[in-house]
Amino acid sequence: AQKVTQAQTEISVVEKEDVTLDCVYETRDTTYYLFWYKQPPSGELVFLIRRNSFDEQNEISGRYSWNFQKSTSSFNFTITASQVVDSAVYFCALSGKSGGGADGLTFGKGTHLIIQP
Amino acid sequence: DAGVTQSPTHLIKTRGQQVTLRCSPKSGHDTVSWYQQALGQGPQFIFQYYEEEERQRGNFPDRFSGHQFPNYSSELNVNALLLGDSALYLCASSLTGQVITYEQYFGPGTRLTVT
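The structure reproduced in this document is the subject of the present report. (Residues numbered from 1 in each chain as written. Chains lettered and ligands numbered in written order. Predicted model: local features only at pLDDT ≥ 70, side-chain atom pairs only at ≥ 80, totals over all residues. Heavy atoms only, no water.)

### Focus: the pairing of strand β14 (residues 111-116) of chain A
Residue and element names in this part refer to chain A.
Part 1 of the reasoning: Along β14, the buried face is formed by Thr 111, Leu 113 and Ile 115; none of His 112, Ile 114 and Gln 116, which line the opposite face, is buried.
Part 2 of the reasoning: Bridge count for strand β2 (residues 10-14) against β14 is five bridges, and the pairing is parallel. By the bridge assignment for β14, Glu 10 is matched with His 112.
Part 3 of the reasoning: As defined by bridge partners, strand β10 (residues 88-95) adjoins β14 across three bridges and the pair is classed as antiparallel. Paired with Ala 88 across the bridge in β14 is Leu 113. (Buried < 20%, exposed > 50% of the residue type's maximum accessible area, 1.4 Å probe, protein only. Helix = DSSP H or I, 4+ residues; strand = E, 2+ residues; numbered from the N terminus. Pairing = 2+ DSSP bridges.)

### Comments concerning the interface of chain A and chain B
Part 1 of the reasoning: At the interface, 21 residues of chain A touch 22 residues of chain B.
Part 2 of the reasoning: Buried surface at the junction of chain A and chain B, both sides included, amounts to about 1800 Å², of which 55% is carbon and sulfur.
Part 3 of the reasoning: Joining chain A to chain B, the criterion identifies one salt bridge.
Part 4 of the reasoning: Counting every contact that joins chain A to chain B gives six residue pairs in polar contact (both at pLDDT 80 or more).
Part 5 of the reasoning: Those elements that place two or more of their residues in the side of chain A that touches chain B are β5 (33-39), β6 (46-52), β11 (97-98) and β12 (101-102) of chain A.
Part 6 of the reasoning: Sort the elements by how many residues they give to the side of chain A that touches chain B and β5(A) lands first, with four residues.
Part 7 of the reasoning: Considered class by class, the residues forming the side of chain A that touches chain B number nine nonpolar, seven polar and five charged. (Contact = heavy atoms within 4.5 Å. Buried area = accessible area lost by both parts, 1.4 Å probe. Salt bridge = Lys/Arg side-chain N within 4 Å of Asp/Glu carboxyl O. Polar contact = N/O pair within 3.5 Å; in protein donor to acceptor, adjacent residues only side chain to side chain. Nonpolar A, V, L, I, M, F, W, Y, C, P; charged D, E, K, R; others polar.)

### Thoughts on the packing of aromatic side chains
Part 1 of the reasoning: Scanning the entire structure with this criterion turns up 20 aromatic pairs over all chains.
Part 2 of the reasoning: Ring geometry for Tyr64(A) and Phe77(A): centres 5.2 Å apart, planes at 90°, overall edge-to-face. Residue Tyr64(A) is found in strand β8 (residues 64-69), and its partner Phe77(A) is found in strand β9 (residues 74-79); the two are separated by 13 residues along the sequence. Accessibility assignment for this pair places Tyr64(A) and Phe77(A) in one class, buried.
Part 3 of the reasoning: Judged by centre distance (5.3 Å) and plane angle (90°), the ring pair of Phe47(B) and Tyr49(B) falls under edge-to-face.
Part 4 of the reasoning: The class of Phe47(B) is buried, set by a relative accessible area of 0%.
Part 5 of the reasoning: Taken together, the aromatic side chains of Phe35(A), Tyr37(A), Phe47(A), Phe91(A), Phe107(A), Tyr35(B), Phe45(B), Tyr105(B) and Phe106(B) make up a single cluster linked through ring pairs.
Part 6 of the reasoning: One cation-aromatic arrangement involves Lys26(B) over Tyr105(B); the distance from NZ or CZ to the ring centre is 5.4 Å. (Phe/Tyr/Trp six-rings, centres within 6.5 Å; stacked < 30°, edge-to-face > 60°. Lys NZ or Arg CZ within 6 Å of the ring centre and 35° of its normal.)

### A word on the nonpolar core
Part 1 of the reasoning: Among the nonpolar cores identified, the biggest contains 23 residues, and Trp36(A), Phe75(A), Phe77(A) and Tyr90(A) are the most heavily contacted of them.
Part 2 of the reasoning: Broken down by secondary-structure element, the contributors of at least two residues to this core are β2, β3 (19-21), β5, β8, β9, β10 and β14 of chain A.
Part 3 of the reasoning: For this core, the element with the highest residue contribution is β10(A), accounting for four residues.
Part 4 of the reasoning: The residues touching Tyr90(A), leaving out its near neighbours within four places in the chain, are Gln6(A), Leu21(A), Trp36(A), Tyr37(A), Lys38(A), Leu48(A), Tyr64(A), Phe77(A), Ile79(A), Gly110(A), Thr111(A) and Leu113(A).
Part 5 of the reasoning: Among the nonpolar cores identified, the runner-up in size contains 20 residues, and Leu11(B), Leu76(B), Leu112(B) and Val114(B) belong to it. (Core = buried A, V, L, I, M, F, W, Y, C linked by side-chain atoms within 4.5 Å.)

### Some points on the environment of Pro70(B)
Residue and element names in this part refer to chain B.
Part 1 of the reasoning: Mapped onto the fold, Pro 70 is located in the loop between β7 (64-68) and β8 (74-78).
Part 2 of the reasoning: On the accessibility criterion, Pro 70 (64% relative accessible area) is exposed.
Part 3 of the reasoning: Between the C-alpha atom of Pro 70 and that of Glu 51, which follows or precedes it by 19 residues, the distance is 7.7 Å.

### Remarks on the environment of Asn67(A)
Residues and elements named next belong to chain A.
Part 1 of the reasoning: Note that Asn 67 resides in strand β8.
Part 2 of the reasoning: The class for Asn 67 is partly exposed, based on a relative accessible area of 31%.
Part 3 of the reasoning: Separated by eleven residues in the primary sequence, Asn 67 and Glu 56 place their C-alpha atoms 8.2 Å from one another.
Part 4 of the reasoning: Excluding residues within four positions of it along the chain, Asn 67 makes contact with Asn 58, Ser 74, Phe 75 and Asn 76.

Functional significance is not addressed by these values, which are geometric in nature.
What follows is the structure, encoded as structure tokens:
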């Protein structure tokens, strides 16, 4: 069975601080996919990034960066110079690949990020 | 480029009733997945439809059923509603077939309240 753990329930920082959201996963699949989604107060989940299990390169996109470490089964997300607009609930998710397509996603419980002005 | 759409936005039902939620996938997508998100929790996978068949199912009872139409749109049906079915129901679309997209794009959700 797959499992995603986001140990941080809520994080509050002051604007412009850097913040890291932790994600630890469990899976028996050799091929799997990791994701981060953002859920602002409006409720719609916004896709941020996908990582394949065979690609451990870290990725940077503007103020966002992701650190994938297979050895520790972690896929952490860092926001540099946080802004008030970054306030949202962030979900880490995992899926396998069965047959011809992407499996349903297994989500963590989410981390509520609060950026104070 | 039309994104994922869902209807209705909000719904209030009574215990024991039945409900149908609707979803239209993102333009060009052929696979629809449904999720239930209880308050303060992460979404939980209900099932996935591709080529008008249920391809994968999460740990949900048979009261939850679905359908996919030839135009790829989908319905989620819940029978014999329980108070615990109150949640945000999210639809997500992706692409299978010749090119597989592993990221799923979500709609705005339907907020179901069971009283």
